[in-house]
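# Report on the structure
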Amino acid sequence: MAQPPARTTICYCNFCQRATGGAQGILPIAPLADLAVTHGAPDTYAHVSEGSGKQVILHFCASCGTKLYMTYERWPDMVGLYAGTLDDPVAVRLDPANSKQIFVASARPGTVVHAGIPAFWEHAATADGLPEPSFVLETPTAVEDLKRG
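Remember, predicted model here, so these are calculated numbers, not experimental data. (Residues numbered from 1 in each chain as written. Predicted model: local features only at pLDDT ≥ 70, side-chain atom pairs only at ≥ 80, totals over all residues. Heavy atoms only, no water.)

Take the side chain of T8 next. With respect to the element layout, T8 can be found in strand β1 (residues 7-11). Of the residues examined, T8 reaches a relative accessible area of 1% and is grouped as buried. When neighbours within four sequence positions are excluded, T8 is seen to be in contact with I26, L27, P28, I29, V92, R93, L94, N98, S99 and K100. (Helix = DSSP H or I, 4+ residues; strand = E, 2+ residues; numbered from the N terminus. Buried < 20%, exposed > 50% of the residue type's maximum accessible area, 1.4 Å probe, protein only. Contact = heavy atoms within 4.5 Å.)

Take a look at the structure:
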């Protein structure tokens, strides 16, 4: 990725928890045209998202199985990179201006939801593309201490 990401998604869905082995997936999102695979050709696995009902295609290393990035039926011109696979994962900044947190309702107990970054109980958009309401925390808060409303 030669340019900074267009945005960064912090996803607490069950799928991202399983895919990363952690509390969330951190996915810098960029135009697919900006992606350059420099070695080999990834294999793919198609998964239907519980949130949108659309396919997400996981691209993974054919040799070791590491998940590298996702492409989306819903947004075919974009790619979501697994931040942990980048040469410098901490270079991905969680900036409130271009980051969001999704599927907070699926976060496992003990997960701390970031302050200052728009958050959504489910996806940021409905299956038909309409925006969902967000909330922004003033202080980092454990998910079990949040009140939905």
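So much for the structure itself; the text now carries on.
Strand order in the open sheet formed by seven strands is β3-β4-β5-β6-β2-β1-β7, with mixed pairing between adjacent strands. Looking along the sheet, the strands with just one partner apiece sit at the ends: β3 (43-48) and β7 (99-102). Averaged over all pairs of adjacent strands, the angle between strand axes in this sheet comes to 25°, irrespective of strand direction. In the sheet, β1 pairs with strand β2 (residues 25-31) via five bridges, with the strands oriented antiparallel. (Pairing = 2+ DSSP bridges. Axes fitted to C-alpha atoms, helices over the stretch in contact; angles between N-to-C directions.)

Looking now at the nonpolar core. If you look at the biggest cluster of nonpolar residues, it comprises 17 residues, and the most contacted ones within it are L27, M70 and Y82. Mapped by element, the contributors of at least two residues to this core are α1 (14-20), β2, β4 (55-60) and β5 (67-72). Here this core gets three residues from one element, more than from any other, and that element is α1. Setting aside residues up to four positions removed in sequence, L27 forms contacts with R7, T8, T9, C16, M70, Y72, G80, L81 and Y82. In terms of nonpolar packing, the next biggest core, distinct from the first, is built from twelve residues, I10, A119, F135 and L137 among them. (Core = buried A, V, L, I, M, F, W, Y, C linked by side-chain atoms within 4.5 Å.)

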